[in-house]
Amino acid sequence: MRVLILGGDGYLGWPTAMHLSAQGHETAVADNYLRRNLCREVDAPALYPVPTLSARCRLWKEVSGRDIASFVRDLRVYEEMAEVFREFRPEGVVHYAEQPSAPYSMLDRKAARLTLDNNLQTTLNLVYAVREFAPSAQIVKLGTMGEYGTPNIDIEEGWIDIEHKGRSDRFLFPRQAGSLYHTTKIMDTDMLWLYARLWGLAVTDLMQGPVYGIVTDQTERHPGLRPFFNYDAVFGTVLNRFVVQAVSGCPLTVYGKGGQTRGYINIRDTLECVHLAVENPAAPGELRVFNQYTETFSVLELAERVRRAGSRLGLDVAVEHLDNPRTEAESHYYNPAHSGLTNLGLVPHLLDEDALVELMGVVGEFADHVDPRVLRPEVSWK
Ligand SMILES: NC(=O)c1ccc[n+]([C@@H]2O[C@H](COP(=O)([O-])OP(=O)(O)OC[C@H]3O[C@@H](n4cnc5c(N)ncnc54)[C@H](O)[C@@H]3O)[C@@H](O)[C@H]2O)c1
C-alpha cells in the first residue's frame, strides 16, 4: 500500500515511516519542521541531534535498501498538501501533523492561536486533499485519550449507546478536554466525523495515551535513525522526562499529589497499532475509534517504578512534589475500554523493569547533554 505519513519528522512519525516501510509498504513522509522550530522558540533542545528528513531517508535506504520519499511542506497551506497528494497518490494517510503539546498550547495567546490554526487547518486540508486526489484512501488520525478527560464513569472506545425517554441512539463518547491542545483534537474528531458522514471518508481515530521509549526494531539498525526525543516540561511526555531526570541525577518532578491516572503505551506498540489500523481499514463513511494505550498508571506509580529501576542501575533517584501547574483532578476514577487493537492482533510491550532499564541505558548515553533548567514546569494553566 502507498502510505503517506503527515508529520513524518516527529517523535512518532519517523519511526512509523520506517516500521511501515520495513513491512513492505511504499512510504512517504511530509513535514515542515514545526516541532524543531517550536523547540528552538521555547529554548528546549532535544536530548540528541537528529539528521534532517532527507538525510534520515538516505540513511534508511543504506541500512534497509528501501526508499522513503520525503516532502518538506507546510500542510497548513492547501497547495502544499495538494502537491504531496498529486505526486505520491496515497492509498492510506497517517495524520500526525499537529502541535502536540498541552503546555505549549497554554503558554500564551500566540501559542494558543498557532495550535488552533495549525491543528484544524492540517486536518481540514487533509479532508479536502483526500476528496480531490485520493477519494478511496483511508485516514488514520492520531487523537488522544486526553479528549475524554477523567469522567466518573467507564470510558468507551469512542462511541456510547444512550437511552433517553424510551428511545436510544449511538453518539460519540462525551469529551471534556483539559487544555487547548486537547480541545483541538476534539474538534478534529468532530470534523472528521462530519466528512465521514457527508463524503463517505474512511477514518480511524486512534485515541492515544502518552507514549514512552526510543527503541524500535528499526532504530536499532543505526543511531541516526532514532526518533526526535524531548524531555523538557513543555514537549517531553511524563515517563520520558522521568527517565531523563533519573539518569541525570535530577529529582522526578511529580505535579501535585501524583494521583493523576492515564493510559500509557510503549513506542513499539504505537507503531504496531498504526500498522494494524492501516492494514485493517475502516469502512467508507465510518469513524472507527480505538483507545490506544496498554496500561494505566498514576503519575506517582510511574515515579516509583522509575525509582526502583534506577536503583537496579545504582542510581539514587529522588521524587519531588511540585505545585501542579495544570488544572486537573489529582485523584479520580479512570477505567477506559481498550480491546479494539488487541482484537486486531496487538501484543503489548508492558512497562516492566527491563523495559525501563533498556530506556535508561539509551538515555544514559546522553546524560551529560541534559539541561536541568528545562525540566521545571514554567507554563501555568491559571
Ligand atoms: N507523543 C505522545 O505521547 C502522543 C500521545 C497522544 C497523541 N499524540 C499525537 O500523535 C501525533 C504525533 O505526536 P508526536 O509526539 O510525534 O509529535 P511531534 O511534534 O514530534 O510530531 C508532529 C510532527 O508534525 C509536524 N507538523 C506539525 N504541523 C505541521 C504542518 N503544518 N505541516 C507539516 N508538518 C507539521 C511537526 O513538525 C512534527 O514533526 C500528534 O498529533 C499528537 O497529538 C502523541
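Residues numbered from 1 in each chain as written. Predicted model: local features only at pLDDT ≥ 70, side-chain atom pairs only at ≥ 80, totals over all residues. Heavy atoms only, no water.

Engineer: Explain the overall build of the chain to me, please; I cannot follow it from the model alone.
Structural biologist: Looking only at helices and strands, the chain features 12 helices and 14 strands. Over its C-alpha trace the chain gives a radius of gyration of 20 Å, about what one expects of a compact globule, namely 21 Å for 382 residues. Considering only C-alpha atoms, the chain reaches an extent of 60 × 55 × 40 Å along its principal axes. For the chain, the share of sequence-separated contacts (at least 6 apart) that also reach a separation of at least 24 residues comes to 82%. Carbon and sulfur atoms make up 49% of the accessible area of the chain, which totals about 15700 Å². (Helix = DSSP H or I, 4+ residues; strand = E, 2+ residues; numbered from the N terminus. Rg over C-alpha atoms; globule rule 2.2 N^0.38 Å. Contact = heavy atoms within 4.5 Å. Areas by Shrake-Rupley, 256 points an atom, 1.4 Å probe, with all protein chains shown as cover.)

Engineer: What is the right way to read a negative patch on the surface from this model?
Structural biologist: On the surface, a cluster of negative charge is contributed by Asp154, Glu156, Asp161, Glu163 and Asp169. With respect to the helices and strands, the residue Glu156 is situated in the loop between strand E5 (138-144) and strand E6 (159-164). (Patch = residues over 30% accessible without salt bridge, like charges linked within 9 Å, V, L, I, M, F, W, Y side chains within 5 Å. Salt bridge = Lys/Arg side-chain N within 4 Å of Asp/Glu carboxyl O. Lys, Arg positive; Asp, Glu negative; His and termini not counted. Charge placed at Lys NZ, Arg CZ, Asp CG, Glu CD.)

Engineer: Just checking my understanding: could you explain the nonpolar core for this structure?
Structural biologist: Nonpolar side chains in soluble globular proteins generally cluster together in the buried interior. Trp14, Leu47, Val94, Phe229, Phe242, Val306 and Val363 are the most contacted members of the largest nonpolar core, which totals 79 residues. Per-element tally for this core: the top contributor is helix H8 (residues 238-247), with 7 residues. Once you skip the residues sitting within four places of it in the chain, Val306 turns out to touch Leu239, Phe242, Val243, Ala246, Leu252, Leu356 and Met360. The next biggest cluster of nonpolar side chains, apart from the first, holds 36 residues, and it includes Phe85, Ala97, Val127 and Met207. (Core = buried A, V, L, I, M, F, W, Y, C linked by side-chain atoms within 4.5 Å. Buried < 20%, exposed > 50% of the residue type's maximum accessible area, 1.4 Å probe, protein only.)

Engineer: What is the right way to read helix H4 (residues 78-88) from this model?
Structural biologist: Turn by turn, an α-helix covers 3.6 residues, leaving residues three or four places apart pointing in a common direction. Of all the residues in H4, the buried ones are Met81, Ala82, Val84, Phe85 and Phe88. Axial view of H4: buried residues confined to an arc of 160°, hence all on one face. In this structure, H4 carries Glu79, Arg86 and Glu87 as exposed residues pointing more than 90 degrees from its buried face. Its buried side turned inward, H4 meets strand E1 (2-6), strand E2 (26-31), strand E3 (68-72), strand E4 (92-95) and helix H6 (109-133). (Arc of directions from axis to C-beta.)

Engineer: Looking at this structure, how should I read the site of the ligand?
Structural biologist: Around the ligand, the structure places 29 residues, and the nearest of them are Tyr11, Asp31, Arg35, Tyr181 and Lys185. Leu12 has a polar backbone atom sitting 2.9 Å from an oxygen atom of the ligand. Between the ligand and Asn118, the relevant distance is 2.9 Å, taken from a nitrogen atom to a side-chain nitrogen or oxygen of the residue. Compared with its free state, where it exposes 810 Å², the ligand has 96% of that area covered by protein. The set of elements that each furnish at least two residues to the shell around the ligand consists of helix H2 (34-41), H6, E5 and helix H7 (180-199). The residue inventory of the shell around the ligand, partitioned by class, reads 12 nonpolar, 9 polar and 8 charged. (Near = heavy atom within 4 Å. Polar contact = N/O pair within 3.5 Å; in protein donor to acceptor, adjacent residues only side chain to side chain. Nonpolar A, V, L, I, M, F, W, Y, C, P; charged D, E, K, R; others polar.)

Engineer: Just to check I follow, could you spell out the pattern of salt bridges for this structure?
Structural biologist: Tallying each qualifying case throughout the model produces 20 salt bridges. In this structure, Asp9 engages Arg56 in a salt bridge whose closest nitrogen and oxygen atoms are separated by 3.0 Å. Taken together, the positions of Asp9 in the loop between E1 and helix H1 (13-22) and Arg56 in helix H3 (residues 53-64) put the pair 47 residues apart, joining distant regions of the chain. Grouping residues by exposure puts Asp9 and Arg56 together as buried.

Engineer: How should the pairing of E6 be read in this particular structure?
Structural biologist: Sheet faces and side chains relate simply in a regular strand, where the side chains alternate between the two faces. In this structure, E6 lies alongside strand E7 (residues 167-172), joined through 6 bridges in antiparallel fashion. Each bridged residue has a counterpart across the sheet, and for Glu163 the counterpart in E7 is Ser168. In textbook terms, the turn of a hairpin is the stretch between consecutive antiparallel strands, and for E6 and E7 this stretch comprises 2 residues, one of which, Lys165, has a positive phi near 50°. (Pairing = 2+ DSSP bridges.)

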